[in-house]
Amino acid sequence: MENNLVSTSILSLIIFLPIVFAIVLALWPQKNTIRELALGFSLIQLGASLFLLKDFDSSTAALQFVEKFNWIERFGISYFVGVDGISIMLIMLTTVLMPIMILGAWNSIDQRVKDFHVALFVLQSAMLGSFLAMDAVLFYTFWELSLVPMYFIIGIWGGSRRIYATVKFFIYTMSGSVLMLLAIIFMMRLTPEVTGGAMSASLLDFYKLKIPFVGGEFFTPQTLLFFAFALAFAIKVPLFPLHTWLPDAHVEAPTPGSVVLAGVMLKMGTYCYLRWVIPLFPEAASHYSWLFISLGVIGIIYGALVAMVQPDVKKLVAYSSVSHMGYIILGLFVLNVYGMNGALYQMLNHGVSTGGLFLLIGMIYERTHSREISKYGGLASAMPIFTIIFIIVTMSSIAVPLTNGFVGEFLILMGTFQYSPGVAAVAVTGVVLGAAYMLWMVKKVFFGPAGEIVKAAAHDPAHALHDLTTRELVVMAPILILILWMGLFPNSIMDYSKVSVDHLLKNQQNYSLEVE
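Because the structure is predicted, anything quoted here is derived from the model rather than measured. (Residues numbered from 1 in each chain as written. Predicted model: local features only at pLDDT ≥ 70, side-chain atom pairs only at ≥ 80, totals over all residues. Heavy atoms only, no water.)

## Some remarks on the nonpolar core
Now for step 1: Core analysis: the biggest nonpolar cluster contains 191 residues, and Phe-226, Phe-229, Phe-233, Tyr-273, Trp-276, Leu-379 and Phe-386 have the highest contact counts within it.
Now for step 2: Looking at which element gives the most residues to this core, the answer is helix α13 (residues 255–280), with 16 residues.
Now for step 3: When neighbours within four sequence positions are excluded, Phe-386 is seen to be in contact with Leu-360, Met-363, Ile-364, Leu-379, Phe-446, Asp-467 and Leu-468. (Core = buried A, V, L, I, M, F, W, Y, C linked by side-chain atoms within 4.5 Å. Buried < 20%, exposed > 50% of the residue type's maximum accessible area, 1.4 Å probe, protein only. Helix = DSSP H or I, 4+ residues; strand = E, 2+ residues; numbered from the N terminus. Contact = heavy atoms within 4.5 Å.)

Here you go:
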C-alpha cells in the first residue's frame, strides 16, 4: 500500500520536494553547512527522478503517473500533472544538472549562500512543474514562478550590469506571457463545447477543440491563438530576433545561473512547442512552419557569425546558444520524425554541452577574474587537464562524431533535408561556422604564445594557475560521461521518447493523449 502511494504521488513529490528543501534551508541555523545540505537534498531529488524513470513505460504514448484533483472547480481549473515520453528526459536533465550546479558553485558563491540555494531550489520546482503540468492555469503558474528566482539569481549574484540584464530578461519574458494568458482564457471559454457545458483548463480538453483555421487569413481564431502561444515560447527559447536578452543574462549571471538558464530554462520554450503549440494548432503550425524554419536558420547563422567576433569567452558561448537553439526550432517545424526526434535529443545535448562550457568558464574565471580571450594564450601548458576536458566539451558543442551533439544535429539535418534539400544546405553552414568560432577560441585561449594571464602566473606566485581540483573533476565527470554515452548509445535515451513523438506526428490533426 505504501509503495503504491509513493508511485501514484511521485510527480508531486518531484515537483514539491525542492520547495520543502528550500524551506528547510531557509530555516537552517548553521550557515557553514548550507552547501553540504543543499548538495544532499539535490541528490535525494535526483534519486526520486531515477525512481520515476525506472517505472516509466516507454512502450506507450499515454500520460503516466497522473495526479488530478479540483483546484478552482468553478472555472474547471485542476491540479493535473502527468509525464510521457516528451517530458521524461527533460525531468531527468533538470534533476541531473542540479547537484552538478551546486557542486560547481561551491567557491564561486560566497555571499548570501543560503539565499542563493533557496532560490535555486524554488527555480527547480517551477521548471519541473512546467514540464509536468497538464492544466493550462497550473502550467502558467509554474511558468511565471520560474521568473522570480531567476530574477534574484542574476540580480543579486550577477556581474556589474546585473540589474540591466535582469530587468531586460524579466520584461521580455513577461510581455510574451501576457499574450499567452489571454489565449489560455479564450480557450477555456471554448471548452464547454467539448465538455458538455463545463469550463475546463485541462490540456486534454484543449486538444479536443476544433478551432477554425483559414489558410492565408491571419485574423482567424486558430492563427491568432497559435501566435499568442508561439510568441511567448519564442522569447523563452529565444528565437531570432527575440534573442537579445539572452547574451546579457548569460554574461551577467553567476556560473550556476548560466548553467540552469542554458541547460533547462531555454528548453521550457522548445518543449512547449511540442506539448502546446504543434498539437493544439496543427493547421496553423503546418501553414506557418516556413516562418519558424526561416527564423531558425537565420538564428543558426546569425548566432554563429556574432559569436565569431566576441572578445568575451562567456558571451561567445552565449551567442552559440542562439545558434544551437535555432537548430532545435528547425527540427521541430520540419514536422517529420527525424527532425522532431533530433530536436528533442538536441534539447538534452545542449543542456549538457553548453552547461559544461559555462561550468568550465566559471572555473577559469575564479582563477583569473577575466573572460577576455585576448588575455589568454598558452593555457594548455599551465592547466593540461583543464585543457583536455575543455576540448572534449567543445567537440560535443560542435557536433563531432561519437559525441552527443553529433546525433542531435545529424537527425535535425536529415529531417531538414527531407523537408527541403536547399534549406538543409543553408542550415549545414552553421555546423562549419560553429566549428570555426569554437576552434578559434580554443586556439587563442589554450595554444600559441603565452598571453598576459599565463605570463603573470609564471612570474608571480600570487597569480599561479592551478589545474582542476578534485571537486572540479567530480563536477565535470558526469558531463563527460553523458557526452560520450549519449554519443555512443543514443537509443538508450531516445527510446523513451520515440513512441510519443511518433504518436504526435501520426495524429497531429486529431491529437489526443490517453491517461494510463
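Here the narrative resumes.
## A word on the pattern of salt bridges
Now for step 1: Applying the stated criterion across every chain, the model contains 11 salt bridges.
Now for step 2: For Arg-367, the salt bridge goes to Glu-472, with nearest N and O atoms at 2.7 Å. Within this pair, whereas Arg-367 is found in helix α17 (residues 337–368), its partner Glu-472 is found in helix α24 (residues 470–488), the two being separated by 105 residues in sequence.
Now for step 3: A relative accessible area of 2% places Glu-472 in the buried class.
Now for step 4: Measuring nitrogen to oxygen at the nearest pair gives 3.9 Å for the salt bridge that ties Lys-375 to Glu-372.
Now for step 5: Take Lys-375: its relative accessible area is 25%, and that puts it in the partly exposed class.
Now for step 6: If you follow the salt bridges from partner to partner, you end up with Arg-161, Lys-168 and Asp-248 in one network. (Salt bridge = Lys/Arg side-chain N within 4 Å of Asp/Glu carboxyl O.)

## Details of the confidence of the model for the protein chain
Now for step 1: Residues at a pLDDT of 70 or more form 98% of the protein chain, whose mean pLDDT is 90.
Now for step 2: Within the protein chain, the element-level pLDDT minimum falls on helix α1 (residues 2–8), averaging 44, and the maximum on α24, averaging 95.
Now for step 3: Segment residues 1–7: pLDDT under 50, and three contacts once partners within four positions in sequence are set aside and those in other chains are kept. (pLDDT = per-residue confidence, 0-100.)

## As for unusual backbone geometry
Now for step 1: The linkage connecting Val-237 with the following residue, Pro-238, adopts the cis geometry, with an omega of -10 degrees.
Now for step 2: Tracing the backbone shows Pro-238 in the loop between α11 (221–236) and α12 (245–252).
Now for step 3: Backbone torsion omega between Phe-240 and Pro-241 reads 5 degrees, so that peptide bond is classified as cis.
Now for step 4: Within the element layout of this structure, Pro-241 appears in the loop between α11 and α12.
Now for step 5: Even without glycine at this site, Phe-65 takes up a positive phi of about 55 degrees.
Now for step 6: A positive phi angle, near 80 degrees, is found at Leu-402, a position not held by glycine.
Now for step 7: Following the sequence through the fold, Leu-402 ends up in the loop between α19 (384–397) and α20 (404–419).

## Concerning the pairing of strand β1 (residues 64–72)
Now for step 1: Two strands pair when backbone bridges link them, and β1 and strand β2 (residues 77–83) are joined in this way by six bridges, in the antiparallel orientation. Bridged to Ile-72 within β2 is Ile-77.
Now for step 2: Connecting β1 to the antiparallel partner β2 that follows it, the hairpin turn spans four residues, and Gly-76 within it adopts a positive phi of roughly 70 degrees. (Pairing = 2+ DSSP bridges.)

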